[in-house]
Amino acid sequence: AVQASDIPYMSFPALLGARFLANTRNIVVAGTHGKTTTTSIIAWLLEAAGRHPGFLVGGVPGNFDRTARAAKGDHFVIEGDEYDTAFFDKGPKFLHYRPTTAILTSIEFDHADIYRDLEHCQESFRKLMATLPQDGLVVARWDHDSVAEVASEAGCEVRRYGPGQDWDGRIEGIDPNTGSMQFTVLHEGKVYGTFSSIMVGEHNLYNQVAAVAALDREGLDADALAQGFSTFSGIRRRQEVIGEPRGITIVDDFAHHPTAVKLTLEGLRMRFGGRRVWAIFEPRSNTSRRNIFQTEYGTAFDAADRVLVAPPQGLENIPEDERFDAELLASDIRSRGGEAMVVGPGLDAQGVSAAACAHICANALSGDVVAVLSNGGFGGLHQMLLRGLDQS
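Described in the following lines is the structure provided in the data block.

Definitions and cut-offs
Residues numbered from 1 in each chain as written. Predicted model: local features only at pLDDT ≥ 70, side-chain atom pairs only at ≥ 80, totals over all residues. Heavy atoms only, no water. Axes fitted to C-alpha atoms, helices over the stretch in contact; angles between N-to-C directions. Helix = DSSP H or I, 4+ residues; strand = E, 2+ residues; numbered from the N terminus. Parallel < 35°, antiparallel > 145°, perpendicular 65-115°, else oblique. Left-handed = near helix turned anticlockwise from the far one by under 90°. Contact = heavy atoms within 4.5 Å. Buried < 20%, exposed > 50% of the residue type's maximum accessible area, 1.4 Å probe, protein only. Pairing = 2+ DSSP bridges. Right-handed = clockwise from strand over helix to strand, strands pointing away. Expected span 1.5 Å × (residues − 1). Core = buried A, V, L, I, M, F, W, Y, C linked by side-chain atoms within 4.5 Å.

Considering the packing of helix 2 (residues 35-48) against helix 6 (residues 222-231)
Consideration 1: Direction vectors running N to C along helix 2 and helix 6 enclose 120°, while the axes themselves pass 8 Å from each other. If you check the angle between helix 2 and helix 6, you find them oblique. Read as a crossing pair, helix 2 and helix 6 show a hand that is right-handed. Between helix 2, through Ile 41, Trp 44, Leu 45 and Ala 48, and helix 6, the contact on the second element is made entirely by Leu 225, Gly 228, Phe 229 and Thr 231.

Here it is, written out as structure tokens:
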């Protein structure tokens with residue numbers, strides 16, 4: 001109806017670019033993984049340094065308790081989503097975001113409903129590189145070939161980060177009591193600064209190295225960054241501890257792509273040491289309900305002690321030979337020496353969640369860590385667990 005009328009209209013990303021990003025230094029965090037975490041950290045590091053940035057995050061940073069705000073200072077930090085913009089604009093959202101700095105954390109095949117393959121994904125990120133000004137900056141995970149291929153086409157300064165790169169990092173220690181990590185950032189082999197953060201794991205180490213490399217160019221020194229890292233309170237649904245009923249730690253995490261599942265569980269293993277880790281996985285995204293990564297999921301749960309796999313829902317529009325097989329995943333995990341089962345086969349989403357909750361309440365012990373991995377609500381499983389474990 002709007003298209004048939006004379007009423008002007010535009011997409012939200014286009015509006016954001018035109019009205020909120022035209023006069024700020026914009027740090028766009030893009031990539032398959034780590035966008036929400038890295039965006040949230042950078043926004044807080046700038047805030048802690050008194051820069052009063054604007055931000056838009058695909059999650060809720062604990063320090064702000066909101067997903068977005070306009071800038072009062074010179075900077076806007078934004079999560080650069082490669083998903084398409086609108087039904088009338090099939091280009092990725094991040095093309096509207098006018099980056100001064102772009103961070104590329106990773107590029108993998110994802111969003112199988114709109115991308116054909118990895119090369120097709122890379123095309124979108126190449127377009128992002130083309131939007132950077134000559135005096136801009138790219139901070140790129142250079143040990144990832146798919147990132148280096150794209151970032152090498154940028155016509156501005158490139159800061160390479162990752163193992164063995166100009167910007168590197170090392171984990172100095174983990175405190176399992178506080179759930180915090182001490183880490184050092186290295187620049188050209190020399191110590192740039194040593195920091196403490198509650199974002200634990202190698203993947204979070206490099207998310208934070210990327211933040212340092214980007215903000216060093218914006219004039220923040222190691223002392224200012226240390227204050228920000230030490231006071232960062234995390235992000236909802238990113239290794240978020242939502243309760244500890246009966247001494248059992250319930251963690252909510254958005255991980256659903258096999259790489260994200262693997263990195264999240266390895267981070268939890270590092271954070272919680274020898275405690276028994278459960279992974280409760282809901283294949284819910286357009287990609288995870290297909291068998292594109294069936295093999296990769298088989299090795300993604302190695303860091304977990306017990307795995308419950310929910311049967312995927314809403315498969316009616318996916319050809320039978322393209323559907324994700326939950327039973328095959330459980331079998332693959334068991335073949336690698338893990339414990340795994342499909343929970344609630346044949347049930348709807350609510351029934352699966354109830355079955356998962358009942359199994360966990362009957363078998364989890366004090367000291368266990370139960371990680372619920374889903375990019376959705378998992379039929380209310382999180383709250384079911386908090387109530388059920390309290391009552392059992």
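That shown, we press on.
Observations regarding the pairing of strand 8 (residues 137-141)
Consideration 1: Within strand 8, five of the five residues are buried, leaving the element largely enclosed by the surrounding structure.
Consideration 2: Neither face of strand 8 is left uncovered, since the one carrying Leu 137, Val 139 and Arg 141 and the one carrying Val 138 and Ala 140 both have all their residues buried.
Consideration 3: Sheet analysis places strand 7 (residues 101-104) next to strand 8, joined by four bridges and oriented parallel. Paired with Ala 102 across the strands is Val 138, a residue of strand 8.
Consideration 4: One crossover worth recording links strand 7 to the parallel strand 8 by way of helix 3 (residues 118-130), and it is right-handed.
Consideration 5: Direction of pairing for strand 8 relative to strand 9 (residues 157-161): parallel, over a ladder of five bridges. By the bridge assignment for strand 9, Val 139 is matched with Arg 159.
Consideration 6: At this point the chain moves from strand 8, through helix 4 (residues 145-151), to the parallel strand 9, and the crossover so formed is right-handed.

Points about helix 3
Consideration 1: Across its 13 residues, helix 3 extends 19 Å between first and last C-alpha, which sits within 8% of the 18 Å expected from 1.5 Å per residue.
Consideration 2: Lining the buried residues of helix 3 we find strand 1 (25-30), strand 6 (89-92), strand 7, strand 8 and helix 4.

Observations concerning the nonpolar core
Consideration 1: Counting 57 residues, the largest nonpolar core has Leu 104, Met 129, Val 138, Leu 265, Phe 281, Phe 301 and Leu 373 as its most contacted members.
Consideration 2: It is helix 7 (residues 258-272) that provides the largest number of residues to this core, a total of five residues.
Consideration 3: Beyond its immediate sequence surroundings of up to four residues, Leu 265 is in contact with Val 277, Ala 279, Ala 300, Phe 301, Ala 303, Ala 304 and Leu 373.
Consideration 4: Val 77, Ile 103, Phe 195 and Phe 229 belong to the second largest nonpolar core, which has 39 residues in total.

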